[in-house]
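Read off the chains here:
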Amino acid sequence: MKGTLKRSDSGESIELGNVTMIGRSSECQIHVADPRVSRRHAMLRKQEGGFYLFDLGSFNGSYLNGGRVTTARKLKTGDVIGLADHEFQFEQVGEESDAAALETMGGSTIALIRSTPVIILVSDIIGFTALSEKIEADSLAQIMGSWYSDCEQILAVEGGTVDKFIGDCVLAYWTTVDESTVAASLRTAKELLESCNRISENHPEVFEDSDLEFEIGVALHTGKVAYGGMSQGEFTLVGDPVNLTFRLETLTRELNETILVSGDFAQLIPGRGKFTRNLGVHQVKGRARGVEVAAITGFPGEDGFDK
């Protein structure tokens, strides 16, 4: 599966990577030299059998077929992306269904699949339905775009990988499980919470005079998953640990805790009593046996855990 963008002004055809940034910054893969275009304006991400468009909190917005993009939008051939007066036409060649991807595992693709221990992070926006109902589309687009952008940047700095965005949720992972990546994943959780405060402060007109808050839940777990190319050029995680992490994140609402970790993850934290509070065993949907859960009460510094 390949995707391209054709620039309307020059006719240039640009092949898309797994992640393609569009903006005024020279660091973006698609550079648009226009002061009305933000430095990091929009992102195209290859995931779930297609390409998705994300606005990154741009001031003037990203448009798809004339409508402002407020959340992730899956693209189809012929779609037109607009940034200020600049237009790009999207074209996709080939699409692999889940069934087709499974069939290829019997051939050459299987060499790309690895079973490996990972650290998994899931974060979800709390009360997103209420936000989308009460906030104007332009404001929602900037808020969601800022969150997408912060997720990408925070995880990149901490050595994590965004597997995919699923609407108002992000799935990410680290493929090494050791003390340094445990520390990095906890710092990521902290920084994602700080991002919520920053986004709220940047949009006082939305949050200060209303009953709305911009909050997230975060869950961390570790386990062995199938990792690799589930379809051509697309890498993802598959396995029970992924499902459990999503269930743990949902549990943050029930337990009124912002960050939850599994017992398996808590055991990896040196001196875990300084950083966690054990919440006992809890039932999660889809599991006959309960899961040990802990809340995070402290975070490691840049140099890791205190010895």
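Given the structure is predicted, the values throughout are model-derived calculations rather than measurements.

Some words on the overall build of the protein chain
Thinking step 1. When you go through the protein chain residue by residue, the secondary structure sums to seven helices and 19 strands.
Thinking step 2. In summary, the protein chain has a C-alpha radius of gyration of 20 Å against a globular reference of 19 Å for 307 residues, a match within 12%.
Thinking step 3. The principal-axis extents of the C-alpha atoms in the protein chain amount to approximately 60 × 60 × 35 Å.
Thinking step 4. Buried residues in the protein chain amount to 51% of all 307 residues.
Thinking step 5. Taking all contacts inside the protein chain whose residues are at least 6 apart in sequence as the whole, residues at least 24 apart take part in 60%.
Thinking step 6. Only carbon and sulfur atoms are counted for the fraction: they give 46% of the accessible area of the protein chain, which is about 14400 Å².
Thinking step 7. Taking the average place of the 29 positive charges on the side chains of the protein chain and the average place of its 45 negative ones, the gap between the two points comes to 4 Å.

What to know about helix α3 (residues 137-157)
For an α-helix, 3.6 residues make a turn, and residues three or four places apart therefore share a direction.
Thinking step 1. Here α3 contains 21 residues, and its C-alpha end-to-end distance of 30 Å stays within 8% of the 30 Å for a straight helix at 1.5 Å per residue.
Thinking step 2. Among the 21 residues in α3, 15 count as buried, and that is most of the element.
Thinking step 3. Once α3 ends, the next one or two residues include Gly159, with phi positive near 80 degrees.

With respect to the confidence of the model for the protein chain
Thinking step 1. This prediction gives the protein chain a mean pLDDT of 88; 90% of its residues lie at or above 70.
Thinking step 2. Looking at the elements of the protein chain, mean pLDDT is at its lowest for helix α1 (residues 98-104), recorded as 39, and at its highest for strand β10 (residues 80-83), recorded as 98.
Thinking step 3. A low-confidence stretch, residues 97-111 stays under pLDDT 50, and its non-local contacts, those more than four residues away or across chains, total nine contacts.

Considerations on the sheet that holds strand β11 (residues 86-93)
Thinking step 1. Strand order in the open sheet formed by six strands is β2-β1-β11-β10-β7-β8, and the pairing between neighbours is antiparallel. What marks the edges here is a single partner per strand, and that holds for β2 (13-15) and β8 (67-68).
Thinking step 2. Here strand β1 (residues 2-7) runs beside β11; their pairing, made up of six bridges, is antiparallel. Looking at the pairing, Arg7 lines up with Phe88 of β11.

Notes on the packing of α3 against helix α4 (residues 179-202)
Thinking step 1. At a minimum axis separation of 10 Å, α3 and α4 run at an interaxial angle of 155 degrees. Taken together, the axes of α3 and α4 are roughly antiparallel relative to one another. In this structure, the crossing between α3 and α4 has a hand that is right-handed. Between α3 and α4, the residues in contact are Ile143, Ser146, Trp147, Asp150, Cys151, Ile154 and Leu155 and Thr188, Glu191, Leu192, Ser195, Arg198 and Ile199, respectively.
Thinking step 2. Per-class residue counts for the contact of α3 with α4 are seven nonpolar, three polar and three charged.

Regarding helix α6 (residues 240-255)
Thinking step 1. For α6, with 16 residues, the first-to-last C-alpha span of 22 Å sits near the 22 Å given by 1.5 Å per residue.
Thinking step 2. With its phi angle positive at about 55 degrees, Asn256 sits one or two positions after the end of α6.

Looking at unusual backbone geometry
Thinking step 1. In the Ramachandran plot, Asn65 falls in the positive-phi region, its phi being about 55 degrees despite a non-glycine side chain.
Thinking step 2. With a phi close to 55 degrees, Ala84 is a non-glycine residue in the positive phi region.

Regarding the state of the cysteines
Thinking step 1. Across all of its chains, the model carries zero disulfides by this definition.
Thinking step 2. The cysteine Cys151 is free of any disulfide, with Cys196 supplying the nearest cysteine sulfur at 8.4 Å.

Some words on the side chain of Thr188
Thinking step 1. Locating Thr188 in the fold gives a position in helix α4.
Thinking step 2. Here Thr188 falls in the buried class, since its relative accessible area comes to 0%.
Thinking step 3. Not counting the four nearest positions on each side in its chain, Thr188 is found in contact with Leu121, Ile154, Leu155, Glu158 and Trp174.

Focus on the sheet that holds strand β9 (residues 73-74)
Thinking step 1. Pairing is mixed in the open sheet, where five strands are placed in the order β4-β3-β5-β6-β9. Each edge of the sheet is formed by a strand with only one pairing partner; in this case those strands are β4 (30-31) and β9.
Thinking step 2. Two strands pair when backbone bridges link them, and strand β3 (residues 19-23) and β4 are joined in this way by two bridges, in the parallel orientation. In the strand pairing of β4, Gly23 is matched with His31.
Thinking step 3. Each of β5 (42-47) and β6 (50-55) touches α3; the most contacted strand, β6, lies at about 115 degrees to it.

Comments concerning the environment of Arg187
Thinking step 1. Examined against the element boundaries, Arg187 turns out to sit in helix α4.
Thinking step 2. Residue Arg187 is classed as buried on the basis of its relative accessible area of 14%.
Thinking step 3. For Arg187 and Ile154, which are 33 residues apart along the polypeptide, the C-alpha to C-alpha distance reads 9.2 Å.

How each quantity is defined
Residues numbered from 1 in each chain as written. Predicted model: local features only at pLDDT ≥ 70, side-chain atom pairs only at ≥ 80, totals over all residues. Heavy atoms only, no water. Helix = DSSP H or I, 4+ residues; strand = E, 2+ residues; numbered from the N terminus. Rg over C-alpha atoms; globule rule 2.2 N^0.38 Å. Buried < 20%, exposed > 50% of the residue type's maximum accessible area, 1.4 Å probe, protein only. Contact = heavy atoms within 4.5 Å. Areas by Shrake-Rupley, 256 points an atom, 1.4 Å probe, with all protein chains shown as cover. Lys, Arg positive; Asp, Glu negative; His and termini not counted. Charge placed at Lys NZ, Arg CZ, Asp CG, Glu CD. Expected span 1.5 Å × (residues − 1). pLDDT = per-residue confidence, 0-100. Pairing = 2+ DSSP bridges. Axes fitted to C-alpha atoms, helices over the stretch in contact; angles between N-to-C directions. Parallel < 35°, antiparallel > 145°, perpendicular 65-115°, else oblique. Left-handed = near helix turned anticlockwise from the far one by under 90°. Nonpolar A, V, L, I, M, F, W, Y, C, P; charged D, E, K, R; others polar. Disulfide = S-S within 2.5 Å.

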